[in-house]
Structure formats: C-alpha cells, structure tokens
Amino acid sequence: MYQEERMQLIMDHLAKSGRISIEELCSIFDVSRDTARRDLIKLEDQNLIVRTRGGALLPSPIQEFKNYKDRLTTVSDEKKAIGRLAAALVRKGDRIILDSSTTVQACAEYLHPQDCTVITNSINSADLLSEKDLIQIRLLGGMLHKEHRYVYGASVIDTLSNYHVEKAFIGVGGVTTDGLSSGDEEGKVKFKMMEQADTVIVLADHSKFGRNYFYRFADWSMVDIMITDRSPDKEMLDFLNKNQVEVLIPDDDQEVTL
C-alpha cells in the first residue's frame, strides 16, 4: 500500500475515533513503527493531526491571533505544546471550562473558532477568545485578582453550580501522589470547576511534579486525563495508571508556533 493510501485511511480512522496509537497503526496496516511514525510526521506537516508520544489526535484546526497580547508571549514552549494538545480534545458543540492558569490560556490560544461554549474566570482567556466569532464566552463574575487577572470568591463558585460541561481544563501549582495543589482561593474555584465536568483534564508541565502548594484542592479520583510535556517518573506513572488517569504527552519534536 502506498503512503498516500495509508494516510487517507489513517484520517478516516481518526474521523471516527479522534485518536490513534502507533501500535494500532502497525497492526492495522502491517507496517513497522518507523513507517508509522513517518506517516504521522507527514500528516502533521500538512496540519492534519497533532502528534503525541505514542500516537496522534485529530485536532481542532488552529488560527493565529493577530493581536496576541504581549503579556502571554512569555509562555514556555512546553506550555504551548501542552495547550495545543489540550485544544485538540475540544470538539464542535462542546461546553468547556477553562481555569485561569497560563497553560490553560495556551489552550485557549489554540482553540479553533468553532461552535462551542467556554466558561472561564480568566480575564486573559476571555480576551483571547473574544476574537473568535463562533465561540460563546461566559465570563464568571466575582472578586478580581489584579495581578493574575482572574476572578474568584463565593459568587464564582455559586455561579459554577448552575453549569454542566463536557470538559474542564485545569492548571495546577503542584502535582504529587497526594493530589493537586495551588493557592487556596484559586484552588476552591478549580475544585468546583472539576465537579461540574464530565471529563477533567489537568494540564501540568514537568516542573509541577513533586511540588506541594499550600492548598490541596483535589485528589486523583476527580481526574480523567493529564497532559504534560515529559513522562513522569516510573513511580508516578504507575500511580496514575493505577488511578485510571490517562497521560498524554506532546511528541518531543512537535513544532509549536503561535
């Protein structure tokens, strides 16, 4: 079978399932891992997929912002890669929650301007998404944290109780086997966001592992997917597998541009 034929069949598979692993590619098409990887690289070069370590996702197409805010240009390449992979999990018609972390803001940047609803307490994310016509934004109201530009407090938590969403994207300050941690006021909002979602997706770059912040806001029973830039150590990975948390990692040589 020619590569072009395989690539079309790969896209047909992704259209049905949304993702595919290297192992599935090798089994379905009876090819080596190197051949499967070359197929995925070529598809990503055409902006048709987002590669992960171990496979690929069907992405939401991305759009570059013309007025990208200067304050967000310091987001690391690792966070951008995590954000892009997170945005690939959003489908047309989804109702999602985005918290106020910078990694989740990177997810907002990569969201395709498709028909979906975003609930957020982040002034920055709401500002970014306001330029994407088809995305409906519900900005939560409460006390404003001026430095980090998010709203918090009892009114935010009360309002969140009225919503139900398919996915919540949550950033963290620290990640250990004991759970997820951050500042207390921010953590209370994050916990409520997680409660209101069918699927909870945690975004955390490698620097967050092993850190414990003042307020532990959730344990692993609330988490469905973790997206990070490097594979956790064996102990942590075994723990996540035991707790049925799926780990997604952007491919190491994935090119990220904004």
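Under the annotation held in an unreviewed UniProt entry, the protein carries the name DeoR/GlpR family DNA-binding transcription regulator and is attributed to Paenibacillus urinalis.

Q: Now, about the overall build of the protein: what can you tell me, with residues and values included?
A: Scanning the protein for helices and strands turns up nine helices and 15 strands. Since a compact globule built from 258 residues should have a radius of gyration of about 18 Å, the 18 Å found for the protein is in line with a globular shape. Within the protein, the fraction of its 258 residues that count as buried is 51%. Once local pairs closer than 6 in sequence are excluded, the contacts in the protein between residues at least 24 apart make up 62%. Accessible area for the protein stands at about 12,400 Å²; split by element, carbon and sulfur atoms hold 46% of it. For the protein, the centre of its 32 positive side-chain charges and the centre of its 42 negative side-chain charges are spaced 2 Å apart.

Q: Before we move on, can you summarise the nonpolar core with the specific residues and values?
A: Core analysis: the largest hydrophobic core is formed by 30 residues, its most contacted members being Leu-160, Val-175, Leu-180, Met-194, Trp-220 and Met-226. Among the secondary structure elements, those contributing two or more residues to this core are strand 8 (150-152), helix 7 (154-160), strand 9 (165-171), helix 8 (184-195), strand 12 (197-203), strand 13 (215-218) and helix 9 (234-242). Apart from residues no more than four positions distant in its own chain, Leu-160 is found in contact with Ile-97, Ile-119, Leu-140, Val-189, Lys-192, Met-193 and Gln-196.

Q: I'd like to hear about helix 2 (residues 22-29), residue by residue, with values.
A: Helical periodicity: at 3.6 residues per turn, an α-helix aligns residues three or four positions apart in one direction. Ile-22, Leu-25, Cys-26 and Phe-29 are the residues of helix 2 that are buried. End-on, the buried residues of helix 2 take up no more than an arc of 95 degrees, which puts them together on one face. As for helix 2, its buried residues are in contact with helix 1 (3-17), strand 1 (19-21), helix 3 (33-45) and strand 3 (55-57). Positive phi appears at Asp-30, one or two residues downstream of helix 2, with a value of about 55 degrees.

Q: Tell me what's going on with the side chain of Ser-100, and back it up with residues and numbers.
A: Mapped onto the fold, Ser-100 is located in the loop between strand 4 (95-98) and helix 5 (102-110). Among all residues touching Ser-100, those that are not within four sequence positions of it are Gln-105, Asn-121, Ser-122, Tyr-150 and Glu-186.

Q: Can you lay out helix 3 for me, pointing to particular residues and giving the numbers?
A: If you check helix 3, its first and last C-alpha atoms are 18 Å apart, about what 13 residues at 1.5 Å a residue would give, namely 18 Å. For helix 3, the secondary structure elements touched by its buried residues are helix 1, helix 2, strand 2 (50-52), strand 3 and helix 4 (77-87). A positive phi of about 60 degrees marks Asn-47, the residue just after helix 3.

Q: Can you lay out unusual backbone geometry for me, pointing to particular residues and giving the numbers?
A: With a phi close to 55 degrees, Asp-30 is a non-glycine residue in the positive phi region. Structurally, Asp-30 can be placed in the loop between helix 2 and helix 3. A positive phi is found at Arg-149, a non-glycine position, where the angle reads about 60 degrees. Within the secondary structure layout, Arg-149 lies in the loop between strand 7 (143-145) and strand 8. Assessed through its relative accessible area of 29%, Arg-149 is described here as partly exposed.

Q: Explain the sheet that holds strand 3 to me, and be specific about the residues and the numbers.
A: Taken in spatial order, the three strands make up an open sheet running 1-3-2, and their pairing is antiparallel. In this open sheet, the two strands that pair with only one neighbour each are strand 1 and strand 2. The mean angle between the axes of side-by-side strands here comes to 20 degrees, regardless of whether they run parallel or antiparallel. Relative to strand 3, strand 1 is paired through three bridges, and the arrangement is antiparallel.

Q: How would you summarise the UniProt feature "domain: HTH deoR-type" (unreviewed entry) in the protein if you had to cite specific residues and measurements?
A: UniProt tags residues 3-58 as "domain: HTH deoR-type" (unreviewed entry). Helix makes up 64% of residues 3-58 and strand makes up 16%, while its end C-alpha atoms are separated by 18 Å.

Q: With reference to specific residues and values, describe the environment of Ile-201.
A: Here Ile-201 is to be found in strand 12. Overall, Ile-201 belongs to the buried group, its relative accessible area being 0%. Ignoring anything within four residues of it in the chain, the contact list for Ile-201 reads Leu-89, Lys-167, Ala-168, Phe-169, Ile-170, Ile-225 and Ile-227.

Q: How would you explain the sheet that holds strand 11 (residues 179-182) if you had to name every residue and give the values?
A: Here we have three strands laid out as an open sheet, ordered 10-11-13, and antiparallel in their pairing. In the strand order of this sheet, the two ends are held by strand 10 (174-176) and strand 13, each with one partner. Strand after strand, the sheet turns through a mean of 35 degrees between neighbouring axes, direction not considered. Across three bridges, the pairing between strand 10 and strand 11 is antiparallel. Bridging from a neighbouring strand, Val-175 pairs with Leu-180 of strand 11. The strands touched by helix 8 are strand 11 and strand 13; relative to strand 13, the strand with the most contacts, the crossing angle is about 10 degrees.

Cut-offs and rules
Residue indices begin from 1 for each chain and proceed along its sequence in written order. For a predicted model such as this one, the threshold for reporting local features is a pLDDT of at least 70, and the threshold for listing and counting side-chain atom pairs is 80 or more; totals across whole chains, interfaces and linings nevertheless cover every residue. The side-chain quantities take in all heavy atoms of the structure and omit both hydrogens and water. Only DSSP runs of H or I with at least four residues qualify as helices, and only runs of E with at least two residues qualify as strands; both kinds are numbered from the N terminus onward. The atom set for the radius of gyration is the C-alpha atoms, and the globule formula is 2.2 Å times the number of residues raised to the power 0.38. Only protein chains enter the accessibility calculation, which uses a 1.4 Å probe; a residue is then buried when its area is under 20% of its type maximum, exposed when over 50%, and partly exposed in between. The contact definition used throughout considers only heavy atoms, calling two residues in contact when any of these lie within 4.5 Å. We get accessible surface area from the Shrake-Rupley algorithm with a probe of 1.4 Å; when it comes to residues, only the shown protein chains can shield them. Charge assignment in this entry is limited to Lys and Arg as positive and Asp and Glu as negative, and neither His nor the chain termini are counted. All charge positions are set by atom: Lys at NZ, Arg at CZ, Asp at CG, Glu at CD. Residues belong to a common nonpolar core when they are buried Ala, Val, Leu, Ile, Met, Phe, Trp, Tyr or Cys residues joined through side-chain atoms within 4.5 Å. Directions pointing from the helix axis toward each C-beta atom define the arc. Helix span, expected: 1.5 Å multiplied by one less than the number of residues in the helix. Note on pairing: DSSP must find at least two bridges between two strands before they are called paired. Axes here mean lines fitted to C-alpha atoms, for a helix over just the part in contact, with angles spanning 0 to 180 degrees between N-to-C directions. UniProt positions are given in the numbering used here, feature names are shortened, and annotations may be inferred rather than shown by experiment.

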